[in-house]
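Observations on the three-dimensional arrangement
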Amino acid sequence: MTTIVQVTGLSKRFGRFTAVDDASFSIEENRIYGLLGRNGAGKTTIMQLLTGQDFPTEGEISVFGNRPAENAAVLQNVCFIKESQRYPDDFTAKHVFEAAPWFFPNWDSEFAARLISDFRLPLKRRIKKLSRGQTSAVGVIVGLASRAPLTFFDEPYLGLDAVARQTFYDRLLEDYAEHPRTVVLSTHLIDEVANLLEHVIVIDDGKIIIDSDADALRGSATTVAGLASAVDGFVAGREVLHRETIGGFASVTVGPLDAAARASAAEQGLELSPVSLQQLIVRTTTGSESEWEDKS
Amino acid sequence: MTAITTGSSIGPTTTLGPSRIVSVLKLQFVNRWTTVWIPLLILGAILVMNIAIWALILANLDASADRAEVQEGFQYSGASGYIFVYMLVVAVQAMNLTFPFALGFGSTRRDYYLGSSLAFVLYSVGYGAILTLLSYLEEWTGGWFLGGRMFTAVYFGNGPWFERLFVFGGGVLFFFMIGVAFGTVYVRWKARGLTAAFVLLAILLVGAAALVSVTNGWEALGAWFAQAQAVGTVAALLIPTALFGIAGFFILRRATPKS
Amino acid sequence: MDEGRPIFVQIAEQIENDVISGALPEETQVPSTNEFAAFLRINPATAAKGVNLLVDEGILYKKRGIGMFVAEGAKARVVAKRREKFQTEYVRPLVEEAAKLGISQSQLTEMIRKEDSE
């Protein structure tokens, strides 16, 4: 697999605040990546650095073999869709889609037209006057129809309702299957996109804490539940990721269990259950669970 | 291993497609209401207003001698000055709003700046042509049938067509570039930067005035203006125009489209 | 789609179930990985992993340019595989649970007979 993005020792500081702290990772082509983390963890900053919209304080970035900043040859292959995208005053959605092919060599206007009707987007209304969901749809449509070999979606679907979000995921999968490209989705709503992701990169307070294949990650933890005493006995000596207790019961998340351990747990009457990607990531990062909830 | 998908993968385009500069140029022409129709509408409105005022003034005078005298005063009109200032505002707005958009679409700052500046040059030529046309129209109608002067005021709008074009076009470009420069200052350093830039400019102007005073140069300056006329003045203004243009380029190089 | 076993394993199992039940006879075409992915709303690579698992086991094969087909003798192979796992996955839990509840072997056999006749 070809590596198309290589990041080494990347840091970004704003005054005394460190948004990205010594991050190193790589992105391989034609996969769907999840860039996950709490709000404010550094996801957007990293994407801004990768797309040349901001400049690193330290470290090296290579996209398609070159530094992305101010590099037109690289940037024409990159599409960065963010929820906070500002559009020129008085621009309508129609203007945006008119201008898109000038910047994205792979733009597919037929695909865009289908998406416009899928999302029921009014074309001639000024973007200022569109609802939040409609504005998000504009971004999503650009990202999808651009067919840019490297496409970033920075939570652009926050404004979309659940139905529209599902439409987005469906269209993304469909198009990705027909025309593979590298997609990076950043979100704090992990469970919704969990099944779409092949590889997961988790950022916490600017540092990369997880960089793993999604399936491998899912298999890397199990929840053991039952009477507190039995559970504690079973998990003694194991790496504990998370513990919850209610009265005399305990539910503990531990690392992977082999067949023998699973059999032993079953014999002791302990219940083993899988850990969802969201639970796993929430439990390995700092902060409370509520920070991962849908606040839109 | 079986191929994962049946579709064809999109590899990165390594050759540079049609120039992004042209793409940005086109971007500045997408929304013609703000940059063309509204300024022209307002210009038209001002003209109509002036005509009304002239008509009103002249209606109250009977003696032809009085009329002539008053009409002579008309030539000191500054009404068309509005359009120049408006261009400054248009440029500031354009930088502020199209910059994050263009960057969001993957343009480089360099291409954005060059494309936008080129667009403003084209706009300047366009407006220069329109104003030149209006100045001739004014002459041919004898001052809109009232002896009014808006586009052929005493300072400009006289002389052969290429001079008029140069004066109008160059004047508009000068204000555009000021707007562009201040626009980039705002994009990069926001409100604080803008304030600082204004203060700096004020200091420079006051300083220049002080310099002229100290060297007793006002007379000489006045004489120079009288000799240079509009054409010479605008030609001289080309230097600060270029300077603003260059300054804007370097200011934008490290600007970020923070919302 | 439960979170328990990896998704690609579940896909493989689902196809195997269809092969055994006869819903997917031998030499018929199986939906493409993209179709699986779109239908189940999962990443095509994951769907492909599941399909490839079955290809490796000789249950599916690829006809170039056309798609995935159920291999000859696939049903027999799947049945054999499942039979091997039957002991550990079904019989053992049954016996253990019966032991916990104090059900004797003869009682257990009687219960099985009752099931069969219904």
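Predicted model only: the values in this text are computed from it and were never measured.

About the cut-offs
- Residues numbered from 1 in each chain as written.
- Chains lettered and ligands numbered in written order.
- Predicted model: local features only at pLDDT ≥ 70, side-chain atom pairs only at ≥ 80, totals over all residues.
- Helix = DSSP H or I, 4+ residues; strand = E, 2+ residues; numbered from the N terminus.
- Rg over C-alpha atoms; globule rule 2.2 N^0.38 Å.
- Buried ≥ 20, exposed ≤ 12 C-beta atoms within 10 Å, placed from the backbone.
- Contact = placed C-beta atoms within 7 Å.
- Domains from an automatic or database assignment.
- Nonpolar A, V, L, I, M, F, W, Y, C, P; charged D, E, K, R; others polar.
- Pairing = 2+ DSSP bridges.
- Axes fitted to C-alpha atoms, helices over the stretch in contact; angles between N-to-C directions.
- Parallel < 35°, antiparallel > 145°, perpendicular 65-115°, else oblique.
- Left-handed = near helix turned anticlockwise from the far one by under 90°.
- Core = buried A, V, L, I, M, F, W, Y, C linked by C-beta atoms within 7 Å.
- Arc of directions from axis to C-beta.
- Expected span 1.5 Å × (residues − 1).

1. Thoughts on the overall build of chain A
Within chain A one finds 11 helices and 13 strands. A compact globule built from 296 residues should have a C-alpha radius of gyration of about 19 Å, and chain A, at 21 Å, falls within 12% of that. Overall, the C-alpha framework of chain A stretches about 65 × 40 × 40 Å when taken along its three principal axes. Each of the 296 residues in chain A was classed as buried or not, and the buried ones make up 48%. Look at the contacts in chain A between residues 6 or more apart in sequence, and 68% of them connect residues 24 or more apart.

2. Some words on the overall build of chain C
For chain C, the helix and strand inventory stands at five helices and three strands. Tracing chain C from N to C terminus, the helices and strands come up as α-β-α-α-β-β-α-α. For 118 residues, the compact-globule estimate of 2.2 N^0.38 gives 13 Å, and the C-alpha radius of gyration of chain C, at 18 Å, exceeds that figure by more than 25%. Looking at chain C as a whole, 25% of its 118 residues are labelled buried.

3. A short note on the domain arrangement of chain C
Structurally, chain C comprises domain 1 (7–74) and domain 2 (85–117). When each unit is reduced to the centre of its C-alpha atoms, the spacing between domain 1 of chain C and domain 2 of chain C is 33 Å.

4. Side note on the interface of chain A and chain C
Between chain A and chain C, the residue contacts involve 16 residues of the former and 12 residues of the latter. Put simply, the parts of the chain that give the side of chain A that touches chain C at least two residues each are helix H6 (162–178) and helix H8 (214–218) of chain A. Top contributing element to the side of chain A that touches chain C by residue count: H6 of chain A, with six residues. The residue inventory of the side of chain A that touches chain C, partitioned by class, reads eight nonpolar, three polar and five charged.

5. So, the sheet that holds strand E2 (residues 17–28) of chain A
Residue and element names in this part refer to chain A. Strand order in this open sheet of three strands is E2-E1-E4, and the pairing throughout is antiparallel. Edge positions in the sheet fall to E2 and strand E4 (58–63), since each has one partner strand and no second. Here the average twist between neighbouring strands, direction ignored, is 15 degrees. As paired elements, strand E1 (residues 3–14) and E2 share eight bridges and run antiparallel to each other. Across the sheet, the residue bridging to Phe14 is Phe17, located in E2. Contacts from helix H1 (residues 43–50) reach E1, E2 and E4 within the one sheet, and its direction differs from that of E2 by about 60 degrees.

6. Details of the domain arrangement of chain A
If you check the domain split of chain A, you get domain 1 (3–215) and domain 2 (222–274). Measuring from the centre of the C-alpha atoms in domain 1 of chain A to the corresponding centre in domain 2 of chain A gives 39 Å.

7. Considering the environment of Ala41 of chain A
All names here are of chain A. Inspection of the secondary structure puts Ala41 in the loop between strand E3 (32–36) and H1. Taking the number of C-beta atoms within 10 Å as the measure of exposure, Ala41 has 26 and is therefore buried. Counting along the chain gives 161 residues from Ala41 to Val202, while the straight-line C-alpha distance between them is 9.2 Å. Look past the residues within four positions of Ala41 in its chain and what remains in contact with it is Ile203, Asp204 and Asp205.

8. Let's talk about the sheet that holds strand E11 (residues 240–246) of chain A
All names here are of chain A. Read from one edge of the open sheet, four strands run E11-E12-E10-E13, paired in antiparallel fashion. The sheet is open, and its two borders are formed by E11 and strand E13 (271–274), each paired with just one other strand. For this sheet the average axis-to-axis angle between neighbouring strands, irrespective of direction, equals 20 degrees. In this sheet, strand E12 (residues 249–254) lies alongside strand E10 (residues 222–227) in antiparallel orientation, the contact comprising six bridges.

9. Things to note about the packing of helix H1 (residues 20–30) of chain B against helix H5 (residues 109–140) of chain B
Residue and element names in this part refer to chain B. For the pair H1 and H5, the least separation of the axes is 7 Å and the interaxial angle reads 50 degrees. By the angle between their axes, H1 is oblique relative to H5. Where H1 crosses over H5, the two elements pack in a sense that is right-handed. Judged by residue contacts, Arg20, Ile21, Val22, Ser23, Val24, Leu25, Gln28 and Phe29 of H1 engage Asp111, Tyr112, Leu114, Gly115, Ser116, Leu118 and Ala119 from H5.

10. Regarding unusual backbone geometry
Even without a glycine there, the phi angle at Lys190 of chain B is positive, about 60 degrees. For Lys190 of chain B, the location among the structural elements is in helix H7 (residues 161–214). Even without being glycine, Arg41 of chain C reaches a positive phi, approximately 60 degrees. For Arg41 of chain C, the position within the fold is in the loop between helix H2 (33–40) and helix H3 (44–56). For Arg41 of chain C, a count of 13 C-beta atoms within 10 Å translates into the label partly exposed.

11. Observations concerning the nonpolar core
Counting 159 residues, the largest nonpolar core has Val63 and Ile141 of chain A together with Ala91 and Phe176 of chain B as its most contacted members. Excluding its chain neighbours within four sequence positions, the residues that come into contact with Ile141 of chain A are Ala112, Leu115, Ile116 and Phe119 of chain A.

12. Notes on the interface of chain A and chain B
Taken together, the contact pairs 37 residues of chain A with 36 residues of chain B. The set of elements that each furnish at least two residues to the side of chain A that touches chain B consists of helix H2 (72–75), strand E5 (78–82), helix H3 (93–103) and H6 of chain A. Among the elements that take part in the side of chain A that touches chain B, H3 of chain A stands out by supplying five residues, more than any other. A class-by-class count of the residues in the side of chain A that touches chain B yields 18 nonpolar, 10 polar and nine charged.

13. Considerations on H2 of chain C
Residue and element names in this part refer to chain C. Taken together, the buried positions of H2 are Thr33, Asn34, Phe36 and Ala37. Buried residues of H2 fall within an arc of 160 degrees about the axis and therefore sit on the same side. Where H2 ends, the next residue or the one after it, Arg41, has phi of about 60 degrees, a positive value.

14. A few points about the environment of Phe25 of chain A
Residue and element names in this part refer to chain A. Residue position: Phe25 is located in strand E2. Look at Phe25 and you get partly exposed, because 17 C-beta atoms sit within 10 Å. Apart from the residues lying within four places of it in its own chain, the contact partners of Phe25 are Val7, Ile201, Ile208 and Asp211.

15. Notes on helix H2 (residues 32–59) of chain B
Along an α-helix, residues three or four apart share an orientation, since each turn contains 3.6 residues. In a regular helix each residue adds 1.5 Å, so 28 residues correspond to 40 Å; H2 of chain B covers 39 Å between its end C-alpha atoms and thus fits that length. For H2 of chain B, every residue scored as buried is listed here: Thr35, Pro39, Leu43 and Trp54 of chain B.

16. Some points on the packing of helix H1 (residues 7–21) of chain C against helix H4 (residues 74–101) of chain C
All names here are of chain C. Interaxial distance between H1 and H4 falls to 9 Å at its minimum, and their mutual angle equals 115 degrees. Remark: the crossing between H1 and H4 carries left-handed chirality. Listed contacts from H4 to Glu16, Val19 and Ile20 of H1 are Ala74, Lys75, Val78 and Val79. Split into classes, the residues belonging to the contact of H1 with H4 amount to five nonpolar, no polar and two charged.

17. Describing the pairing of strand E7 (residues 182–187) of chain A
All names here are of chain A. Extensive coverage of E7 is indicated by the burial of six of its six residues. Residues Thr182, Val184 and Ser186 line one face of E7 and the alternating positions Val183, Leu185 and Thr187 line the opposite face, and both faces are buried. With five bridges joining them, E3 and E7 adopt parallel strand pairing. Each residue of the ladder has a partner; that of Leu36, found in E7, is Thr187. Sheet analysis places strand E6 (residues 150–154) next to E7, joined by five bridges and oriented parallel. Considered in E7, the bridge of Phe153 is made with Leu185.

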